[in-house]
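Topology and contacts: notes
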Amino acid sequence: MRKFFISIALFLSLTGSAQMRWNQAYQKYIDQYKDIAIEQMQRYRVPASITLAQGLYESGAGTSELTRKANNHFGIKCHGWTGRTSYHDDDRSNECFRAYDSAYDSYEDHSLFLVNGRRYKSLFDLKLTDYKGWAKGLKAAGYATNPKYANTLIEIIQLYKLYKYDTAKDYDKFMTDRAKDHRVNGALHEIKAYNKNYYVIVRRGDTFKSIAEEVGISYRKIAKYNERDKRDQLEEGEVIWLKKKQTKAPKDYKDRLHYVKAGESMYSIAQKYGIRLKNLYKMNHLKPDHQIYVGEGLRLR
């Protein structure tokens, strides 16, 4: 199996130089799926680091055509498959790949594919923390034809410190339960992860109450997390955070500024990065009555 139709930018970030570089899109993917990978590890004994590294590589951090159209994050073909299918060019044109109703289904089928595959049996004699042995074993067993497959997985694991998840004792059940619900009800909002938090994008007609009923969190708490009144009307397209926001943006914004664009406010910028509004003012030494202007540079951490 191989990775499919990865965007040029992401592909180059992995293979364009001898030194792999940290990529924000890859970190977002990790934040979104790490809990499912840990849950799968505890159920099937596949290291979470390996699952995440394969998902990142095979799906181009969720951007590949196969992933977008068929929810297939691991490039698994149709051999012995009786479920839905999707056809894409790979080693040969118009090859058959497994299609899933959700990313969760893809992750679970990946675990079962390895557990039930006779050629991968010896991998389960390795320690969960032996990600190098797993990476080399997957390549030796024929999971991928790329001669650099094992080394690439190892580099991804080391760069993003995915090995820390191989010793995880628990995971966020909110995210895994949500992923299972999404498999059943496609009308649910997609919950995205960023800055150690989760958020949804408001749809037309959404209210704090309707979002709260869907995610199982008090609408008063959600309004408070977003520094709003619980009766406020929500606008289509805005970000609503599901946990208390952080005091600063992620570490990759250490030496970067946000330059104000037309139509932005301090609040919309705080929402964009998942930062508490008062902290955004504080780190920029601004008073609450400050009027921002287009082009103004704001620190985010």
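Our subject in this report is the structure included herewith.

Definitions and cut-offs
- Residues numbered from 1 in each chain as written.
- Predicted model: local features only at pLDDT ≥ 70, side-chain atom pairs only at ≥ 80, totals over all residues.
- Heavy atoms only, no water.
- Core = buried A, V, L, I, M, F, W, Y, C linked by side-chain atoms within 4.5 Å.
- Buried < 20%, exposed > 50% of the residue type's maximum accessible area, 1.4 Å probe, protein only.
- Helix = DSSP H or I, 4+ residues; strand = E, 2+ residues; numbered from the N terminus.
- Contact = heavy atoms within 4.5 Å.
- Pairing = 2+ DSSP bridges.
- Axes fitted to C-alpha atoms, helices over the stretch in contact; angles between N-to-C directions.
- Phe/Tyr/Trp six-rings, centres within 6.5 Å; stacked < 30°, edge-to-face > 60°.
- Lys NZ or Arg CZ within 6 Å of the ring centre and 35° of its normal.

**Some points on the nonpolar core**
One finds Leu 114, Tyr 143 and Leu 162 to be the most contacted residues of the largest nonpolar core, which totals 46 residues. Ranked by residues supplied to this core, first place goes to helix α2 (residues 24-44) with nine residues. Excluding its chain neighbours within four sequence positions, the residues that come into contact with Leu 162 are Ile 30, Ser 49, Leu 52, Ala 53, Leu 56, Ile 156 and Ile 157.

**Describing the sheet that holds strand β4 (residues 197-201)**
Taken together, the three strands give an open sheet; going across it, the order is β3-β4-β5, and neighbouring strands pair in antiparallel fashion. Strand pairing shows two members of the sheet lacking a second neighbour, β3 (192-194) and β5 (239-241), which therefore form its edges. Along the sheet, successive strands turn relative to each other by an average axial angle of 40°, direction set aside. Of the pairings in the sheet, the one linking β3 to β4 comprises three bridges and is antiparallel in character. Paired with Lys 192 across the bridge in β4 is Tyr 199. The strands touched by α2 are β3 and β4; relative to β3, the strand with the most contacts, the crossing angle is about 120°. Those strands touched by helix α11 (residues 266-273) are β3 and β5, and its axis lies near 60° from that of β5.

**Regarding the packing of aromatic side chains**
Under the definition given, this model contains 16 aromatic pairs. Ring centres of Tyr 131 and Tyr 163 lie 6.1 Å apart, and the angle between their planes is 20°; this geometry places the pair in the stacked category. You can see Tyr 131 sitting in helix α6 (residues 131-140) and its partner Tyr 163 sitting in the loop between α7 (149-159) and α8 (173-184), a full 32 residues away along the chain. Judged by relative accessible area, which is 12%, Tyr 131 ranks as buried. Measuring from ring centre to ring centre gives 5.2 Å for Tyr 253 and Tyr 273, while their planes differ by 75°; the resulting arrangement is edge-to-face. With Tyr 253 in the loop between β5 and β6 (257-259) and Tyr 273 in helix α11, this residue pair connects regions lying 20 residues apart in the sequence. Tyr 273 gets classed as buried once you look at its relative accessible area, which sits at 6%. The residue whose ring lies beneath Lys 28 is Tyr 194, and the NZ or CZ to ring-centre distance is 5.2 Å.

**What to know about unusual backbone geometry**
Phi at Ala 61 is positive, roughly 55°, even though this residue is not glycine. Among the secondary structure elements, Ala 61 is positioned in the loop between α3 (48-59) and α4 (65-70).

**Concerning the side chain of Thr 176**
If you trace the backbone, Thr 176 turns up in helix α8. Look at Thr 176 and you get buried, because its relative accessible area is 1%. Excluding its chain neighbours within four sequence positions, the residues that come into contact with Thr 176 are Asp 35, Ile 36, Glu 39, Tyr 104 and Tyr 171.

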